[in-house]
Structures are given as C-alpha cells and as structure tokens.
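Observations on the model geometry
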Amino acid sequence: MVLVRYETAFKLYPYEKVPAQSGAVQRHPVVIVGGGPVGLALALDLGKKGTPALVLDDHDGAGLGSKAICFAKRTLDIASRLGASASMVDKGVVWHVGKVFHGEGNLFKFDLLPESGHRNPAFINLQQPYFERFLVDEIRNAQKAGAPIEIRGRNSVTAMKQFGDYTALDIQTPDGPYQLEAEYLIACDGARSSIRDMMGLSFDGRVFEDNFLIADVKMKADFPTERWFWFEPPFKDSGQSALLHKQPDDIWRIDFQLGWDIDREKELDADRIRARVDAMLSSQAGSVPEYELHWTSIYTFQCRRMETFRHGTVLFAGDSAHQVSPFGARGANSGVQDAENLAWKLDLVLKGLAEDSLLDTYATEREFGADENILNSSRATDFMTPKSNVSKTFRNAVLDLAGRHAFARPLVNSGRLSVPCTYDGFDLFGPDALAGPDITRPGSSCPDAPVSEGYLLDHLSGAFHILNIGDGTANSVTSEGITADVINIAEPSSELSARYLGDAPCAVYLIRPDQHVVARWASFDEKAIAAALKNSIGKGAE
C-alpha cells in the first residue's frame, strides 16, 4: 500500500492502474518524482517542447494548507510562457506595497514594482494548492494538444538503483508494486527527499533555533492588500516579529515568531492561538472581527543545500536540492526557476542537439542561485532574530534610523523578496559588446516591456531568439542544428528603450529558452551570434 502522509486540498491526478504495472519494464526519457510546483512546471515545460515526461507522486493532488503563498514576478513570467499564469493572477491577491513597523511605529513603506510596462505584477499571494491546480489544468490542456506528459498519482518510489545510463525504480501503488527505468531521474520530492535519502546524499547547512506559528485565518477585514511586518510587535504574546498578509478566499496569513524553547503542543492549542490572533486584530482594527482558524502549523526552518545538484543521470531541483527560510519567498520561486533552467537543457540533450555535459551547467548555475538565496535568507533571519545584546542594539539603531532617514531603509531586512539571480561570468554567456543598461547584461533574466503586440516576454516562447531593436537589419542564425529566430522591434517603447538600449541607438540580443540574455551587440553580426549560440549550449565558442 501507499502511505497517506497528508490530506489533499484538491484531487488532481487520482490513481489509475496503467498497463505498465503488469507488462514489461518500460524505460522513460524523463521521470520526475514529486508533483509539487517544481515537478509540475518541469513536466509542463518539457512536454510543450515535445519531450516525454512522467511525473510520479505518492499522493493524488495538492496537500492541504497554504504552504507557499507568495509568488514573484519571475515565477509568473515563467508561468505565462507555459500558459498557466492568467488563472493564477485572476485568483491571486495582487500586491506590491509593503509596510515595516517597529513596535507601535510605522517606519516606512516600499513599492516592489514602481515602474510601468510589465504584464505581470511584482507578487501575488496564492495558496500553493491553487498554484499546483492551475499547472495541472494547463498540463491537461497540453495533453489534449498532444504533449507527451503523464502524471501517475499514488505511485510511490520505494527503491532505486543507478546504472551507467539509466536508473531503475521500484514503485508501489494501491494495486501492488512494479518497476520502471528512467534515462534521467529528476528529484522534485521536497525537503525530506526520499530519493536523496536512498542515495545517501548529504543536505548540509544551518538550522535556525527559532519557531514560527502560522495561522491562516478566514475573515472579512478592511486591511489593505499589503505586506505588513512588525519588529517587536506591540500586541500581546506576539514574539520578536509578526507578519500579516492577505490571500484569496478571505484568508489572511499571520505569522508569529515564538522563540526556540517552546512547548509545541501547547502553542498549537486553538485557544492559545486565538488569544494571539485576537491581540493582533484588536491592536490594528480596534476590535476583533469574526474569524475562524483555517489552518495552523509551527515550523522551524533551515538554510541548507546539497553539495551538488547533479549525480550522474539523477538531478535534484527545488526543496530536494536546497532549502531556505520562508522570509523573502525564495523557496517555491527559486524551485520554479530550477525547473526552467533544467527543462531546455534536458530537452536539447535528449534530442541529440547538445552533449550530456550541458546538464552540468544546470547544477553550477542553480547552485549559485541557491547560494544567493541562502545568503539573503540567512541575513534576513539574523536581522530579525539578533543573537546577542550587541546585535539587537545595532538592529534597533538601524530601525530607528530607517524611520527617519531613507538612506537607512535598505539596511532593514525583513526578508529580501525573491528576484532572479544573474549568472555573471558563467561559461554559457557572453560577449557583452554593447554599452547598454546593466539590467540586461549577459546572464540577466529579460525584463518585460510593452511592444506593439502585447509584451516582450510574450514573444520569447521557450526557444532561442535574436532580439533586434532599432532600425538595423537582422536574420535568423543557425548553429549546431539550433535556429535562433529574429524578433524585430523597429520602434521600441520608452520602457523597452530604457531597459534594453540605454543611450545606444540600436541593439541585438541573443536570448536563450529560459529568457536569460546570452550576449548582446551594437549591431547584427551573424558570425558572432553563431559562435555565442554554440557556446550557450556548451559546445564552446569558435
């Protein structure tokens, strides 16, 4: 039998017996273990490229509870390319303004997307089960259009063995065991990854000695759609920090920092949780509105990662590879970026257009991304929870300054919110032959901007592209069997000019399938672009 570890919010892929369970052992190009945001995004991306992907999940849908709720613009841009973002944004709570408090004082507010010209908002709040459901909805649409994607619910991996060019898996189902083989096995099975454990791989890092209470509260409230964060909140028994955030369906996420030495069972008592929530709500609203506790949990977080994300034909993505604190919303967002980075590389390798070694660059690039996220997450936690009187004195001095002087506000760290990393100096990028804006240098993810037909990112469809801006001419370029088609924008919008031209009259960009800038030039140079394209798939520049 398959162990039921948690209750599901939505039954998205109910168990069905398949012929492979009683027939000969089948080998699949890609097997993804884990049907969370990362595994589903990877399967959808691969399937839309025509590469078969099989997802195995030990449950039949999204787990109950909010879990991840904050999805960043870059994640929404990826979801847009995959065809799933419209439902997410429609259902989600859109926000971009946050406020920071210290005790009773409102120190300052910030705006995460003050500029215009983007299809997607800076952030939406959306419970993770909805995020997963909308990905599965798009997978079903893609399947109807012929995409080779399969999801098998209640299929639990119980054992595995690596061979030279494939991995053998033992699977348990409600109808008993069977076996299959994977040319590439992708572990997207979370922080308690069974695949990682079966391989005996380490997951090193730092455990933070603190406990946080999550209370998802269902209520009608007039609070604005903003992120409110308190250092040393003024309401009773709130701990060192507190957070208030709105979600869909009139659900509000409230976090309380409880400290390290607590009685977890006592703190999860509903009456005790209500006392804390009552104190917060009465402090902010003057009275306690009617509400119900929708979901509660206590978590202790860790910042850690695997030494390397690639082990032969087994690759790790999302929380199975790296784990961060929830402050800054860097968990699910970075995991979806893992999936996008891996999808196009795996697709080219399986189609014979790139060498297997291209997958090494997935590991090096996303290990760098994980290190950046862990660094930011650790710094946020250290600022929020000073470990000495000296540290607390420094922290409070910064907060005092930030309330009075704008220059000090960047020093306040209540969780640096998720942004995509830039792969400066990595092997697959360059050259930079344009004196252009820093925001679009090689290695950067492409910022959106209005164009005559919609938005720029709408036209970056998951393949290599040449972006030709201005009145210069350009044509498609083919290298190593891969063609980069041209997107011509003769009359750029002011936003596109600011983000891609700067003071330059024209520009040519080579953009890879995950919408990162490979290289850029002042004018079209077919030979240089062909060399950069060849280098970007790991075959080296000429």
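Please refer to the structure placed before this passage.
These lines cover the structure that appears in this document, whether it is placed above or below. (Residues numbered from 1 in each chain as written. Predicted model: local features only at pLDDT ≥ 70, side-chain atom pairs only at ≥ 80, totals over all residues. Heavy atoms only, no water.)

Re the pattern of salt bridges
Applying the stated criterion across every chain yields a total of 32 salt bridges. One salt bridge connects Glu150 with Arg152, and the closest N-O pair in it is separated by 2.8 Å. On the accessibility criterion, Glu150 (27% relative accessible area) is partly exposed. According to the relative accessible area criterion, Arg152 is buried, its value standing at 6%. One continuous salt-bridge network, built from bridges that share partners, spans Asp45, Lys49, Arg74, Arg81 and Glu340. (Salt bridge = Lys/Arg side-chain N within 4 Å of Asp/Glu carboxyl O. Buried < 20%, exposed > 50% of the residue type's maximum accessible area, 1.4 Å probe, protein only.)

A look at the environment of Thr422
Inspection of the secondary structure assignment puts Thr422 in the loop between α10 (389-404) and β24 (432-433). Given a relative accessible area of 18%, Thr422 falls into the buried group. With 67 residues separating them in the primary sequence, Thr422 and Ile489 have C-alpha atoms 25 Å apart. When near neighbours in sequence (up to four residues on either side) are disregarded, Thr422 contacts Phe368, Arg441, Pro442, Gly443 and Ser444. (Helix = DSSP H or I, 4+ residues; strand = E, 2+ residues; numbered from the N terminus. Contact = heavy atoms within 4.5 Å.)

Let's talk about the packing of aromatic side chains
By the definition in use, this model includes 19 aromatic pairs. Their ring planes at 70 degrees and their centres at 5.7 Å tell us that Phe101 and Trp228 sit as a pair that is edge-to-face. Here the residue Phe101 occupies a position in strand β7 (residues 97-102), and Trp228 occupies one in strand β16 (residues 227-231), the gap between them amounting to 127 residues. Phe101 gets classed as buried once you look at its relative accessible area, which sits at 8%. Between the aromatic rings of Phe229 and Phe231, the centroid separation amounts to 5.0 Å while the plane-to-plane angle is 70 degrees, which identifies the pairing as edge-to-face. No difference in accessibility class separates Phe229 from Phe231, as the two residues are buried. Above the face of the Phe10 ring, Arg133 is positioned so that its terminal group lies 4.8 Å from the ring centre. (Phe/Tyr/Trp six-rings, centres within 6.5 Å; stacked < 30°, edge-to-face > 60°. Lys NZ or Arg CZ within 6 Å of the ring centre and 35° of its normal.)

With respect to the nonpolar core
In this structure, Ile186 and Leu510 are the most contacted members of the largest nonpolar core, which totals 95 residues. The biggest single contributor to this core is helix α8 (residues 331-350), with nine residues. Excluding residues that lie within four positions of it along the chain, Leu510 makes contacts with Phe464, His465, Ile466, Ala484, His516, Val517, Val518, Ala519, Trp521, Ile529, Ala532 and Leu533. Judged by nonpolar contacts, the second largest core, of 22 residues, contains Trp228, Phe235, Leu244 and Met280. (Core = buried A, V, L, I, M, F, W, Y, C linked by side-chain atoms within 4.5 Å.)

Focus: α10
An ideal rise of 1.5 Å per residue puts 22 Å on 16 residues; α10 measures up with 23 Å between its terminal C-alpha atoms. Within α10 the residues assigned to the buried category are Arg395, Val398, Leu399 and Ala402. Down the axis, α10 shows its buried residues gathered within 100 degrees of arc, on one side only. What points out from α10, more than 90 degrees from its buried face, is the exposed set Asn389, Val390, Thr393 and Arg404. Here the buried face of α10 lies against β7, β8 (105-111), β16 and α9 (358-384). (Expected span 1.5 Å × (residues − 1). Arc of directions from axis to C-beta.)

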